[in-house]
Amino acid sequence: MNRSPYITDAPAVSIIMLKVLLALVPGIFAYVWIYGGGILATIALATFTALVSEAALLKLRQRPIRPYLSDLSAVVTAWLLALALPPLAPWWLVVVGTLFAIVIAKQLYGGLGYNPFNPAMVGYAVLLISFPIIMTKWPAPLILAQTPLGFMDQLHFIFSNTLPTDVKIDAVTSATPLDYLKTQLMLNHEVSSITQAPIFGVWGAKGGEFVTAAYLLGGLYLIQQRIISWHLPTAFLATLAAMSLVFYTVNPAHFANPLFHLMSGASMLCAFFIITDPISGPTTPRGKLYFAAGVAVLTYLIRVYGGYPDGVAFAVLIMNMCVPLIDMHTQPRVFGHTKN
Amino acid sequence: MNSIIQFASKLLRGQTAESAEVHKFHGGVHPEGHKQLSTTLPIAKLAIPQKLVLPLRQHVGYIPKVKVQVGDHVLKGQMLAEAEGTVSAAIHAPTSGTVTAISEAIIPHPSGLPDMCITLTPDGKDEWTTLRPTNWRNTDKKELVASLRSSGIVGLGGATFPTHIKVRADGKSQVHTLILNAAECEPYITCDDMLMRERADEIVKGMEIVKFLLGAENCIVGIEDNKPEATAAMTEACKALPETSVKVVPTLYPSGDARRLIHLVSGVEIPHDKRSTDVGIQVFNVATVLAIYRYFALGEPSIDRIVTITGSVNSPQNFKVLFGTPLQTLIDAAGGVQSGTTHFIMGGPMMGFDLPTIDVPITKAANCIIAATPNLFAPPPPAMPCIRCARCADACPVNLQPQELYWFSKSDNFEKARDYNLFDCIECGCCTYVCPSNIPLVQYYRYAKSEIIAADKAKEAADLARERNEFRLARIEREKLERAQKHAERAASNKAESAKTESTKVAPTKAEDVKAVPATTESEQPASSTNTDDVKKAAIAAAIERAKALKAAAAQAGESQKKSDAITADAPDASGKPAQTEDEQAKAEQAKKDKQALIAAAIERAKAQKLAAAQAGIAPKNVEDASPAVKAEISEIDAIREKAKQAVKAQDSDSEA
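Values in this document were obtained by computation on a predicted structure and should not be read as measured data. (Residues numbered from 1 in each chain as written. Chains lettered and ligands numbered in written order. Predicted model: local features only at pLDDT ≥ 70, side-chain atom pairs only at ≥ 80, totals over all residues.)

Our next topic: the overall build of chain B. Of the regular secondary structure elements, chain B holds 20 helices and 17 strands. By the burial criterion, 45% of the 657 residues in chain B qualify as buried. (Helix = DSSP H or I, 4+ residues; strand = E, 2+ residues; numbered from the N terminus. Buried ≥ 20, exposed ≤ 12 C-beta atoms within 10 Å, placed from the backbone.)

Right under this line is the structure:
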């Protein structure tokens with residue numbers, strides 16, 4: 001029997017996923033530092049929900065449980081969703097979002113390798129549409145909050161929705177810079193004056209920009225480890241920067257500068273961790289460029305003109321739909337063939 | 001396309017003259033070499049074993065014709081089997097001895113199936129037959145190539161394509177560059193490396209001969225940079241030669257693939273539907289040119305080769321091994337296997353295959369034997385789903401999209417796989433090598449390729465069978481048309497006779513037609529003439545029956561005509577008597593009515609039959625002997641069909657007139 005090649009040199013799927021998780025660690029550290037330890041509970045809850053629901057669905061679908069659970073893909077989905085949610089999201093929100101991501105968006109489509117949409121983004125989009133108020137209410141960074149919550153207070157809030165008696169909800173939360181910018185622009189304020197508000201940092205959101213920078217760090221690690229290709233993040237960030245630069249140049253009073261867009265919201269998370277999901281993304285190098293550029297354009301448009309605070313989730317889902325088309329039309333030239 | 005080729009040719013000429021740069025191909029992988037295992041010891045000559053088993057099928061192409069019989073005593077170098085057909089290679093006695101069997105034995109092939117082998121029991125004298133060296137510089141090229149046909153030399157890099165075909169100057173393509181493939185990119189294999197280190201001079205002499213045979217102007221030796229000793233030896237040996245360069249290419253599997261190597265050393269990308277000779281390049285393996293040198297300079301045919309025995313043997317080394325030597329002898333010479341050895345791989349770990357048993361001989365294709373343990377080659381973990389990471393696409397040296405090909409092959413979507421250039425896949429294994437999900441991708445491609453080839457063959461056979469059937473139907477139709485014409489003529493003369501009293505003479509006309517029926521039936525069915533009487537009776541009875549119902553049927557004449565046509569068309573292979581009879585009845589009826597209607601009906605029928613034949617999709621018969629004779633028959637079909645069409649047209653115009 002001819003079963004060559006006999007040798008391989010490939011990281012297992014679980015190793016790839018593990019490295020993705022590892023690359024998220026700096027971001028999580030920054031997150032904890034800026035927003036408090038509550039995020040750890042959210043991540044743990046999402047992970048637990050993801051693993052249990054994945055196991056249950058595998059059992060239902062009569063698939064082997066151990067190899068599919070240990071591939072860690074469900075954990076990656078859970079972490080990404082948890083990091084995309086507001087830090088003090090109630091426990092049931094985390095559970096509902098994760099369940100939707102794993103059960104509907106992943107397992108019902110056929111499990112690992114068969115989901116046409118990014119599961120974490122499906123979960124996020126469902127929550128955003130269903131519970132818009134909770135999903136847009138972000139806690140203020142600890143350094144800005146009037147009464148910063150301790151770790152136990154955060155846990156208490158997540159699991160029982162109660163604050164310490166002397167703290168009011170408004171003292172804990174604040175609008176995100178992207179959201180604030182949009183509402184203030186509607187009131188005909190100028191960007192330069194809006195960004196004087198305390199929630200704005202040097203580049204993006206006060207505090208949030210450190211988390212974003214940490215994601216960038218993790219993303220560079222993934223590129224260095226050849227877990228992701230440079231095409232996707234580069235095309236995404238470049239397009240987002242170019243697009244915002246054009247608008248900013250035309251009317252700096254009404255549009256934020258490119259750096260703000262790159263360092264705000266989920267830009268970095270999207271560039272290195274979300275659009276780099278291989279299963280729901282394109283496979284050809286040129287296709288990756290188109291895909292990422294498309295996500296960036298849609299993200300910008302939704303951010304600036306849409307009704308949602310950030311546009312990443314919908315932009316990714318819309319572009320996921322275009323993947324077969326992109327792949328079909330970006331086939332590279334095969335050796336010995338002329339270009340069609 | 002031609003302009004591309006010309007451009008490529010020009011590019012090549014320009015570059016070989018001007019620069020020594022090395023080009024790059026897409027993808028490729030860097031497997032661990034493990035070559036030092038078998039390069040510490042020089043090439044050793046393996047002693048003559050007790051028994052030599054020479055498979056007839058050691059090369060690509062037709063099996064050679066056996067020239068000896070059991071019991072014959074043969075001398076070393078004597079031809080045992082002669083090349084038969086164009087693509088074939090001779091087999092020679094590796095030593096002197098007696099032919100003790102010509103029978104089936106397991107051959108080193110992935111299938112593990114037995115095949116015809118000549119068994120030779122050496123007499124120990126190792127006595128050469130008369131050797132006839134050729135003064136190749138002063139001999140006509142055609143003669144040299146013809147002589148090469150009986151050398152038994154095939155591509156020794158592992159492809160085993162008969163060498164005489166590769167130097168055949170058929171005037172179509174002018175080879176200007178000879179590339180010597182010394183890349184040896186597969187891990188573990190070192191036979192070419194050692195050969196170059198030790199016998200570079202002879203290799204270069206062989207290269208000179210091939211260059212002469214091809215009429216090439218340039219020679220390029222392509223060596224991977226993990227063989228510095230071989231590079232040095234070859235550079236030294238080539239030093240004095242004009243238009244010859246040694247190019248060191250980076251160690252990157254599969255640089256030894258001919259098209260990849262051509263690209264590496266010359267920058268020319270051979271178009272996928274062309275051969276390298278179409279752009280003036282020919283590639284030879286170093287061991288092959290050495291064999292060519294020995295054949296012309298010393299008169300020695302191809303009777304041995306260098307084999308790397310490595311892996312879990314105690315003393316990995318390269319040996320000069322006579323073809324037919326049992327594998328066990330080679331293993332013993334390498335100090336035996338280490339404990340834990342489970343099986344043997346022939347070829348390298350990227351493209352080789354498991355030997356079905358240890359009881360196989362060394363053949364012309366055996367460049368390397370690797371003793372395998374589960375430690376060396378761990379069985380792959382169970383395959384996971386494809387996560388579309390496209391690492392395979394990054395590694396593919398042909399720049400294919402293996403993940404798409406996998407998807408199409410897995411779902412038996414073969415047409416799509418072909419569209420995505422499945423047949424450009426060289427099965428190098430790079431995709432599997434890098435797959436995080438451990439999917440045996442190459443196996444899927446091999447499967448898809450074999451399925452497509454099988455389907456193509458079946459389609460070809462079905463097409464042929466259909467053509468033959470159409471020919472048959474056309475012949476029947478032609479005969480029928482001729483008959484119909486006779487009928488019509490007769491009916492016309494009858495009509496003329498009784499033109500003015502037609503209404504009173506219905507019965508006689510009818511009778512005459514009835515008489516005509518058996519006669520035609522007989523002439524149409526000569527094969528069934530034994531039944532003629534029965535047929536006549538049946539036909540007459542039926543005709544009378546029908547005559548009674550004539551007036552009623554006349555109203556529905558058109559419909560019954562169609563029905564009888566359908567029956568004829570549905571049963572073209574059956575003896576078809578009832579159908580034919582009914583057919584004749586219908587004709588008789590029509591003849592009575594009108595001459596023109598009859599001809600029109602015949603044409604209708606011809607059309608219906610053609611349609612039916614086209615839709616029938618007749619099961620192929622005698623598929624195997626699709627010989628030139630059959631093809632001639634098909635071309636005859638077309639001619640006859642054309643004639644039939646013209647006859648129909650002529651009738652049309654006649655009847656209109």
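Helices and strands together make up the secondary structure of chain A, namely 17 helices and two strands. Relative to the globule expectation of 20 Å for 340 residues, the C-alpha radius of gyration of chain A, 21 Å, shows essentially globular dimensions. Looking at chain A as a whole, 51% of its 340 residues qualify as buried. Sequence separation of at least 24 residues holds for 74% of the intrachain contacts in chain A that already meet a minimum separation of 6. (Rg over C-alpha atoms; globule rule 2.2 N^0.38 Å. Contact = placed C-beta atoms within 7 Å.)

On to the pairing of strand β10 (residues 218-224) of chain B. Residue and element names in this part refer to chain B. The buried fraction of β10 is high, at seven of seven residues. Of the two faces of β10, the one holding N218, I220, G222 and E224 and the one holding C219, V221 and I223 are both buried throughout. Examined bridge by bridge, strand β9 (residues 177-182) and β10 share six bridges and lie parallel to one another. Counted as the bridge partner of N181 is G222 from β10. Following the chain from β9 across helix α4 (residues 191-214) to the adjacent parallel β10, one finds a crossover that is right-handed. Relative to strand β11 (residues 244-249), β10 is paired through six bridges, and the arrangement is parallel. (Pairing = 2+ DSSP bridges. Right-handed = clockwise from strand over helix to strand, strands pointing away.)

Attention shifts here to the interface of chain B and chain A. The partner chain A presents 32 residues to the 46 residues of chain B that form the contact. Going through the elements one at a time, β16 (353-354), α9 (391-395) and α12 (430-434) of chain B are the ones with two or more residues in the side of chain B that touches chain A. With three residues, the single largest contributor to the side of chain B that touches chain A is α12 of chain B. A class-by-class count of the residues in the side of chain B that touches chain A yields 28 nonpolar, 12 polar and six charged. (Nonpolar A, V, L, I, M, F, W, Y, C, P; charged D, E, K, R; others polar.)

Mapped onto the fold, A293 of chain A is located in helix α16 (residues 285-305). Dropping the residues within four chain positions of it, A293 of chain A is found in contact with A235 and T239 of chain A.

A word on the sheet that holds strand β6 (residues 91-92) of chain B. All names here are of chain B. Taken in spatial order, the three strands make up an open sheet running β3-β5-β6, and their pairing is antiparallel. Only two strands of the sheet have a single partner each, and these edge strands are β3 (65-66) and β6. Bridge count for strand β5 (residues 79-82) against β6 is two bridges, and the pairing is antiparallel. Looking at β6, one finds that A81 is bridged to I91.

This next bit is on the domain arrangement of chain A. Residue and element names in this part refer to chain A. Per the domain assignment, the segments making up chain A are domain 1 (10-174) and domain 2 (176-330). Using C-alpha coordinates to define each centre, domain 1 is positioned 20 Å away from domain 2. Contacts between the two partners involve 31 residues from domain 1 and, on the opposite side, 32 residues from domain 2. When residues of the side of domain 1 that touches domain 2 are traced back to their parent elements, those giving at least two are α1 (13-35), α4 (73-84) and α6 (119-130). Counting residues per element, the side of domain 1 that touches domain 2 draws most heavily on α1, at 11 residues. (Domains from an automatic or database assignment.)

Turning next to the nonpolar core. Formed by 249 residues in total, the largest nonpolar core has its most connected members in F236 and V316 of chain A together with M234, V307 and L330 of chain B. The biggest single contributor to this core is α4 of chain B, with 12 residues. Sequence-distant contacts of M234 of chain B, defined by excluding residues within four places in its chain, comprise A182, M196, A200, V221, I223 and V246 of chain B. (Core = buried A, V, L, I, M, F, W, Y, C linked by C-beta atoms within 7 Å.)

What follows deals with the packing of helix α2 (residues 38-60) of chain A against α4 of chain A. Residue and element names in this part refer to chain A. In the contact formed by α2 and α4, the axes pass within 8 Å of each other and the chain directions differ by 145°. In this structure, α2 meets α4 at a crossing whose hand is right-handed. For the pair α2 and α4, contact is made by T42, I43, A46, T47, T49, A50, L51 and E54 and by A74, V75, T77, A78, W79, L81 and A82, respectively. In terms of residue class, the contact of α2 with α4 is built from 10 nonpolar, four polar and one charged. (Axes fitted to C-alpha atoms, helices over the stretch in contact; angles between N-to-C directions. Left-handed = near helix turned anticlockwise from the far one by under 90°.)

The subject of this paragraph is α1 of chain A. All names here are of chain A. Over its 23 residues, α1 runs 32 Å from end to end, which matches the ideal 33 Å to within 8%, given 1.5 Å per residue. In α1, a bend of some 30° at V25 exceeds every other bend along the element, and P26, a proline, comes one to four places later. Looking at the packing, one finds that the buried side of α1 touches α2, α4, β1 (138-139), α12 (208-224) and α15 (267-274). Phi for G36, located one or two positions after α1, is positive at around 100°. (Expected span 1.5 Å × (residues − 1). Bend = angle between axes of the 7 residues up to and from the residue.)

The subject of this paragraph is the environment of H231 of chain A. Residue and element names in this part refer to chain A. Counting through the fold element by element, H231 comes out in helix α13 (residues 231-250). In sequence terms H231 and A292 are 61 residues apart; their C-alpha atoms lie 8.1 Å from each other. With near-sequence residues (within four places) excluded, H231 lies in contact with P285, K288, L289 and A292.

On to the sheet that holds strand β17 (residues 368-372) of chain B. Residues and elements named next belong to chain B. Across the sheet, six strands lie side by side as β1-β14-β13-β17-β15-β16; this open sheet has mixed pairing. The sheet is open, and its two borders are formed by β1 (44-45) and β16, each paired with just one other strand. Where β1 and strand β14 (residues 317-322) come together, two bridges link them in parallel fashion. Paired with A44 across the bridge in β14 is F319. Contacts from α4 reach β13 (304-311), β14 and β17 within the one sheet, and its direction differs from that of β13 by about 125°.

Turning to the packing of α1 of chain A against α12 of chain A, a few remarks are in order. Residue and element names in this part refer to chain A. The contact between α1 and α12 brings their axes to 8 Å, and the two run at 165°. Taken together, α1 and α12 sit at an angle that is classed as roughly antiparallel. Crossing of α1 against α12: the hand is right-handed. Between α1 and α12, the residues in contact are K19, V20, A23, L24, P26, G27, F29, A30, Y31 and I34 and G208, F210, V211, A214, Y215, L217, G218, G219, Y221 and L222, respectively. Residue classes in the contact of α1 with α12 are distributed as 15 nonpolar, four polar and one charged. (Parallel < 35°, antiparallel > 145°, perpendicular 65-115°, else oblique.)

With that settled, the discussion passes to the environment of A120 of chain A. Residue and element names in this part refer to chain A. In this fold, A120 is placed in helix α6. Put simply, A120 and F151 are 31 residues apart on the chain and 26 Å apart in space, counted from C-alpha to C-alpha. Once you skip the residues sitting within four places of it in the chain, A120 turns out to touch T77, L80, L81, A84, A101 and I274.

The linkage connecting S4 of chain A with the following residue, P5 of chain A, adopts the cis geometry, with an omega of -5°. Summarising the element assignment, P5 of chain A is placed in the segment before α1. The omega torsion of the bond from Y253 of chain B to P254 of chain B falls at 0°, within 30 degrees of zero and hence cis. Checked against the element boundaries, P254 of chain B lands in the loop between β11 and α6 (258-266). Its identity is not glycine, yet R226 of chain A carries a phi of approximately 60°, on the positive side. Backbone geometry places N421 of chain B, a non-glycine residue, at a positive phi of 65°. By the element assignment, N421 of chain B lies in the loop between α11 (414-419) and α12.

Let us now look at the confidence of the model for chain B. Residues and elements named next belong to chain B. For chain B, mean pLDDT is 81; residues scoring 70 or higher make up 72% of the total. This model gives residues 13-19 a pLDDT under 50, and the stretch forms seven contacts once residues within four places in sequence are excluded. Below a pLDDT of 50 lies the segment residues 505-530, which in the model reaches 33 contacts outside its immediate sequence neighbourhood of four places, other chains included. (pLDDT = per-residue confidence, 0-100.)

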